[in-house]
Amino acid sequence: MRVHHLNCGTMCPLAGGAIGSGTGLRRGLMVCHCLLVETPRDGLVLIDTGWGTRECREPSILPGYFRRLTGPTLDVRETAHAQLAGLGFTPADVRHVVVTHLDLDHAGGLSDFPHATVHLHQRELDAATARATRAERSRYLTHQWAHGPRWSAVAERGDAWRGLPAVRKLPGLDADIGLVPLHGHTRGHSGVVVDASDRPLLHAGDAYFHHTELEPGRRAPFGLRAFQTLIQMDGLARHASQDALRRLHADHPDVTILSAHDPAELRA
Ligand SMILES: [Zn+2]
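None of these values were measured; they are calculated from a predicted model. (Residues numbered from 1 in each chain as written. Predicted model: local features only at pLDDT ≥ 70, side-chain atom pairs only at ≥ 80, totals over all residues.)

Asks: Can you help me understand the overall build of the protein chain in this one?
Replies: When its secondary structure is counted, the protein chain shows ten helices and twelve strands. The C-alpha radius of gyration computed for the protein chain amounts to 17 Å, which stays within 12% of the reference 18 Å derived for 268 residues, consistent with globular compactness. C-alpha atoms of the protein chain, sized along the principal axes, occupy 50 × 45 × 40 Å. Counting all 268 residues of the protein chain, 45% fall into the buried class. For the protein chain, the share of sequence-separated contacts (at least 6 apart) that also reach a separation of at least 24 residues comes to 63%. (Helix = DSSP H or I, 4+ residues; strand = E, 2+ residues; numbered from the N terminus. Rg over C-alpha atoms; globule rule 2.2 N^0.38 Å. Buried ≥ 20, exposed ≤ 12 C-beta atoms within 10 Å, placed from the backbone. Contact = placed C-beta atoms within 7 Å.)

The structure is reproduced here in structure tokens:
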């Protein structure tokens, strides 16, 4: 499998100094780190989608508070849809999309690939469908899946992979790509394993926000710690997910772990 690393949405949040990518109150930098995987028999698999064409053309469909806080550039050239041509592909080549969760900055591109099967954790689909709390009504934007994707949701049972439990290979795919529960940020938030034999990857989505969080005894910059606590759906589960990622990082240094929004990881 060949893996392309894409930024499908630059954001310039307030107070860059507090999030480790700027100084003082000046705006910082965040990315939407997505993966485009070329597989031998399953076509292209897109992992997370960042913003879609529609958000870039109609920014007002995003909540005003979100735009003020995170400063998304909403450049249509950054969408996965637009970047495919430069890589020699067409949108129809994307046959599968996997989302770590359905927050607005991860599900924006779903509508650009209406024919793709969308893989996710069953708990996440349930949470985004129910939108049971005020926080969930604000983070899940139903217009992003109003086209009626072909969902393929997997539940909690699965195999162990490098010490992580309940990893489920995606149904209907030949490629070794799987979902691993990393709940807490949202109820069904998951990581995505791409088990290419020589260089396995784990896309950990928003299970952590800054590369220092994987290092023993180190923490994220203050602003990112506060932000993660503010928007978590289950704090105990989120901390357990981060502990599991730190163990994986320590015990299996051959696995590349990446999060969705850290620009340093994308550069690396
Ligand atoms: Zn996010």
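Asks: Just checking my understanding: could you explain the nonpolar core for this structure?
Replies: Soluble, globular proteins show a tendency: their nonpolar side chains are buried together. Membership of the largest hydrophobic core comes to 63 residues, with the highest contact counts inside it found for C34, L46, V97 and I177. Not counting the four nearest positions on each side in its chain, V97 is found in contact with L46, T49, L110, F113, A116 and V118. (Core = buried A, V, L, I, M, F, W, Y, C linked by C-beta atoms within 7 Å.)

Asks: Is there a simple way to think about the sheet that holds strand β2 (residues 33–38) in this case?
Replies: As a general point, the strands of a sheet are linked pairwise by backbone hydrogen bonds and lie either parallel or antiparallel. One open sheet accounts for six strands, arranged β1-β2-β3-β4-β5-β6; its pairing is mixed. The open sheet has two edge strands with one neighbour each: β1 (2–7) and β6 (150–154). Adjacent strand axes in the sheet meet at a mean angle of 20 degrees when their direction is disregarded. Its contacts with the sheet place helix α6 (residues 122–130) against β5 (117–121) and β6, and it is angled at close to 95 degrees to β5. (Pairing = 2+ DSSP bridges. Axes fitted to C-alpha atoms, helices over the stretch in contact; angles between N-to-C directions.)

Asks: Got a minute to help me understand the environment of G17 in this structure?
Replies: Counting through the fold element by element, G17 comes out in helix α1 (residues 16–19). Sequence separation between G17 and N7 is ten residues; the distance between their C-alpha atoms is 22 Å. Sequence-distant contacts of G17, defined by excluding residues within four places in its chain, comprise G22, T23, G24 and L25.

Asks: How do you make sense of the sheet that holds strand β11 (residues 201–203) when you look at a structure like this?
Replies: Ordered in space as β7-β8-β9-β10-β11-β12, the six strands form an open sheet in which the pairing is mixed. Where the open sheet ends on each side, the last strands, each with one partner, are β7 (159–161) and β12 (256–258). Neighbour-to-neighbour, the strand axes of this sheet turn through a mean angle of 35 degrees, independent of strand direction. Pairing of strand β10 (residues 190–194) with β11 involves three bridges; the strand directions are antiparallel. Looking across to β11, one finds that V192 is bridged to H203.

Asks: Is there a simple way to think about helix α8 (residues 222–231) in this case?
Replies: Within α8, burial applies to G223, L224 and Q228. Summarising the axial view, the buried residues of α8 lie within an arc of 130 degrees, below the 170-degree limit, and thus occupy one face. Exposed and oriented more than 90 degrees from the buried face of α8 are T229 and L230. At its buried positions, α8 is contacted by α1. (Arc of directions from axis to C-beta.)

Asks: What should I look at first to understand unusual backbone geometry in this one?
Replies: When glycine is set aside, most residues are seen to have a negative phi, and most peptide bonds are trans. Backbone geometry at D48 places phi at a positive 65 degrees, although glycine is not the residue there. Relative to the assigned elements, D48 resides in the loop between β3 (44–47) and α2 (53–57). For R162, which is not glycine, the phi torsion reads 50 degrees and is therefore positive. Residue position: R162 is located in the loop between β7 and β8 (164–169).

Asks: For this particular structure, what's the right way to read the pairing of β10?
Replies: Two faces, one strand: in a regular strand the side chains alternate between the faces of the sheet. Judged by how many residues are buried, β10 sits mostly within the fold: five of five residues are covered. Burial along β10 is two-sided: the residues S190, V192 and V194 and G191 and V193 are all buried. With five bridges connecting them, strand β9 (residues 177–181) and β10 associate as antiparallel partners. Looking at the pairing, L179 lines up with V192 of β10. Counting the residues in the hairpin turn of β10 and β11 gives six residues.

Asks: Looking at this structure, how should I read the pairing of β3?
Replies: Covered by surrounding structure in β3 are L44 and L46 together with V45 and I47, the residues of both alternating faces. What sits between the antiparallel neighbours β2 and β3 is a turn of five residues, in which G43 has the positive phi angle 70 degrees. Where β3 meets strand β4 (residues 94–98), four bridges bridge the pair, whose relative direction is parallel. Bridge pairing in β4 links L46 to V97.

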